[in-house]
Amino acid sequence: MKTIDFINFSGKRALIRVDFNVPLDDKFHITDDNRMQGAVSTIEKILKDGGSVILMSHLGRPKDGPTDKYSLKHLVKHLSFLLNLQVQFADDCVSGEALRKSKELKPGEVLLLENLRFYKEEEKGDRDFAHKLSLMGDVYVNDAFGTAHREHASTAVIAQFFPDAKYFGYLMASELRNAEKVLNDAEKPFTAIMGGAKVSDKILLIERLLDKVDNLIVGGGMAYTFAKAQGGKIGKSLVEEDKLDLALELIEKAKKKKVNLLLPVDSVIADAFAPDANTDTAENTNIKDGWMGLDIGPESVKTFKEVVLKSKTLLWNGPMGVFEMEKFEQGTKAIAEAVVEATKGGAFSLIGGGDSAAAVSKFGFNDDVSYVSTGGGALLEYMEGKELPGVKAIND
Ligand code: AMP
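Residues numbered from 1 in each chain as written. Predicted model: local features only at pLDDT ≥ 70, side-chain atom pairs only at ≥ 80, totals over all residues. Heavy atoms only, no water.

Engineer: Please explain the pairing of strand 1 (residues 13-17) as it appears in this structure.
Structural biologist: Within a regular beta strand, the side chains point alternately toward one face of the sheet and then the other, so they alternate between its two faces. Among the five residues that make up strand 1, five are buried, leaving the element largely enclosed by the rest of the structure. Pairing between strand 1 and strand 2 (residues 52-56): five bridges, direction parallel. Across the sheet, L15 pairs through a bridge with I54, a residue of strand 2. For the handedness criterion, the β-α-β arrangement of strand 1, helix 1 (residues 34-49) and strand 2 is classed as right-handed. Two elements, strand 1 and strand 5 (residues 139-142), share four bridges in a ladder whose sense is parallel. In the strand pairing of strand 5, A14 is matched with V139. (Buried < 20%, exposed > 50% of the residue type's maximum accessible area, 1.4 Å probe, protein only. Helix = DSSP H or I, 4+ residues; strand = E, 2+ residues; numbered from the N terminus. Pairing = 2+ DSSP bridges. Right-handed = clockwise from strand over helix to strand, strands pointing away.)

Structure follows, in structure tokens:
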């Protein structure tokens, strides 16, 4: 893998695509800086070599050009703290002023460019825009795993302007290494825990995993599609009516491949999708009319935990319930605790990004699992076996 270890950055300006798409609260405080922390080792290696660093990223989904809410200036203070130096800021990513600032950088200095998505050209993968961005650096480094599945100007198209000077950052490299380890070098028993809202988002991954895992645990909203497909009464729970046949097919495939497929037997149910809803527990296939399952129930927790604790490799993607609401966080928390315990006992645990990473972070377990991916969609696509444009652009 062509990582930044292949080059000495002395006297060079490194243009790094990072993924600083971090959650911010109303006062612009960063509520989870995992992605920023993830980029620090790459930046530090380049500075240590005697290079300078120009960082580019997107933040949120700005619709109409520059918007204060989505400005990367809100990240300068925290980034300066993480790097222990004063980070400079350019209030545009391709202006003459930004270019001047990038050219005037001295070794050891860091410049953060304004949000790439203030330009529509970024997501369109516009070649001219990519070319303008490329002028900011002598070397291109991609360390933005979270956006590696997008063929955008800064994540893929830009690489053509650095045919002999493009590299993977350390975060990208460790994301790929950890995903590979789980996919191709998993110690058995290997258990995948799938959750989240929809089965449709994860079909391809589930199908691929059926060839690899010993146990497949399914929880979260997607479990009710399986329950209904098996003839259960699921009340108002989340369901994908057009995926009922598929759910039955997956159950059959698991049987054929001798994968132990575990579906929840019970649920915490609620009379409304609300933090103060009335709650009860019910069998997963016998949920009262008008009620909905918003978390896995205590019996399911017990069975799932037993399997997790016996596993040597764990891959977790998607929460077991609506963990954002306290009344429905127990299932996700219990599984997180079991994953932590298994990890302490020597298992390797990879937590898929997105909501599973948010859950692990909410419960304070970031440092107690083997690896928390910074990529949600990117990790899913990589694990499904797709070639990520951001990875291809460096490898080509
Ligand atoms: P995903 O992005 O597909 O991983 O889905 C994550 C979202 O699924 C989280 O916001 C959860 O609140 C939600 N979720 C998990 N379980 C349920 C459920 N039983 N009903 C509705 N939403 C759920």
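Engineer: Would you take a moment to explain the site of the ligand for this structure?
Structural biologist: Lining the immediate environment of the ligand, one finds 16 residues, of which A197, K202, G293, E324 and D355 sit closest. The contact in question runs from an oxygen atom of the ligand to an N or O atom on the side chain of K202, over 3.0 Å. One of the backbone nitrogen or oxygen atoms of G221 is found 3.1 Å away from a nitrogen atom of the ligand. When isolated, the ligand has an accessible area of 500 Å², and the protein chains bury 81% of it. Of the residues in the shell around the ligand, the class split is six nonpolar, five polar and five charged. (Near = heavy atom within 4 Å. Polar contact = N/O pair within 3.5 Å; in protein donor to acceptor, adjacent residues only side chain to side chain. Areas by Shrake-Rupley, 256 points an atom, 1.4 Å probe, with all protein chains shown as cover. Nonpolar A, V, L, I, M, F, W, Y, C, P; charged D, E, K, R; others polar.)

Engineer: Sorry if this is basic, but what is going on with the packing of aromatic side chains here?
Structural biologist: In this description, an aromatic ring pair is defined by two values, namely the gap between the centres and the angle between the planes. The full count for this structure, using the stated rule, is two aromatic pairs. With a centroid separation of 5.3 Å and an interplanar angle of 35°, the aromatic rings of Y119 and F129 are classed as tilted. Taken together, the residues Y119 in the loop between strand 4 (110-113) and helix 4 (120-124) and F129 in helix 5 (residues 127-134) connect sequence positions ten residues apart. For Y119, a relative accessible area of 26% gives the class partly exposed. Taking the relative accessible area as the measure of exposure, F129 reaches 4% and is therefore buried. Each ring, one from Y140 and one from F162, has its centre 5.8 Å from the other, and the planes form 25°; the classification is stacked. With Y140 in strand 5 and F162 in the loop between strand 5 and strand 6 (166-168), the pair connects residues that are 22 residues apart, well separated along the chain. Note on F162: relative accessible area 5%, which makes it buried. In this arrangement the basic side chain of K2 is found over the ring face of Y167, its NZ or CZ atom lying 5.8 Å from the centre. Between K288 and the ring centre of W291, over which it is positioned, the NZ or CZ distance is 4.1 Å. (Phe/Tyr/Trp six-rings, centres within 6.5 Å; stacked < 30°, edge-to-face > 60°. Lys NZ or Arg CZ within 6 Å of the ring centre and 35° of its normal.)

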